[in-house]
Amino acid sequence: MTQVFKFGGASVKDAEGVRNLADILKKYAPENLLVVVSAMGKTTNALETLTKAYVDGSENMHAIFEEIKQYHYKPLIQTIPKHQVYL
């Protein structure tokens, strides 16, 4: 039997949430798992804002993209040893 897990939103919005996700999955490690991780925190809203900026030809499109990128890098850097992160 396969265990199915879905994480997203507030449950993976930061490094603490990502570590918690890992701890939960470790408890089921020997089993067959299907893990779905959707957008972190308010990423869906941010992607909608980015899309609108692109369609409108807004000058702040790159700044919005950079903000989304940094939002995702922060928990990555906080959970994975620096020598293992290639950005």
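Residues numbered from 1 in each chain as written. Predicted model: local features only at pLDDT ≥ 70, side-chain atom pairs only at ≥ 80, totals over all residues. Heavy atoms only, no water.

K.L.:
In this structure, what is going on with the overall build of the protein chain? I would like to understand it.
P.N.:
For the protein chain, the helix and strand inventory stands at three helices and two strands. For the protein chain, the α and β elements follow one another from N to C terminus as β-α-β-α-α. A compact globule built from 87 residues should have a C-alpha radius of gyration of about 12 Å, whereas the protein chain, at 16 Å, is more than 25% larger. Principal-axis analysis of the C-alpha atoms places the extent of the protein chain at approximately 50 × 30 × 20 Å. Per-residue burial for the protein chain yields a buried fraction of 21% across its 87 residues. Look at the contacts in the protein chain between residues 6 or more apart in sequence, and 63% of them connect residues 24 or more apart. Looking at the protein chain as shown, the accessible area adds up to about 6600 Å², and 57% of this sits on carbon and sulfur atoms. For the protein chain, the distance from the average site of its 10 positive side-chain charges to the average site of its 9 negative ones is 6 Å. (Helix = DSSP H or I, 4+ residues; strand = E, 2+ residues; numbered from the N terminus. Rg over C-alpha atoms; globule rule 2.2 N^0.38 Å. Buried < 20%, exposed > 50% of the residue type's maximum accessible area, 1.4 Å probe, protein only. Contact = heavy atoms within 4.5 Å. Areas by Shrake-Rupley, 256 points an atom, 1.4 Å probe, with all protein chains shown as cover. Lys, Arg positive; Asp, Glu negative; His and termini not counted. Charge placed at Lys NZ, Arg CZ, Asp CG, Glu CD.)

K.L.:
So what exactly am I meant to see when it comes to the nonpolar core here?
P.N.:
As a rule of thumb, nonpolar side chains are buried together in soluble globular proteins. Formed by Phe 5, Phe 7, Val 12, Leu 21, Leu 25 and Met 40, the largest nonpolar core amounts to six residues. For this core, the elements supplying multiple residues, two or more each, are β1 (2-9) and α1 (15-26). Non-local contacts of Leu 21, meaning those with residues more than four positions away in its chain, are made with Phe 7, Val 12 and Val 37. Listed in part, the five residues of the second largest apolar core include Leu 50, Ala 53, Met 61 and Ile 64. (Core = buried A, V, L, I, M, F, W, Y, C linked by side-chain atoms within 4.5 Å.)

K.L.:
Just to check I follow, could you spell out the environment of Ala 53 for this structure?
P.N.:
One can find Ala 53 in helix α2 (residues 43-56). Residues Ala 53 and Ile 64, 11 residues apart in the sequence, show an inter-C-alpha distance of 8.4 Å. Setting aside residues no more than four positions away along its own chain, Ala 53 makes contact with Ser 58, Asn 60, Met 61 and Ile 64.

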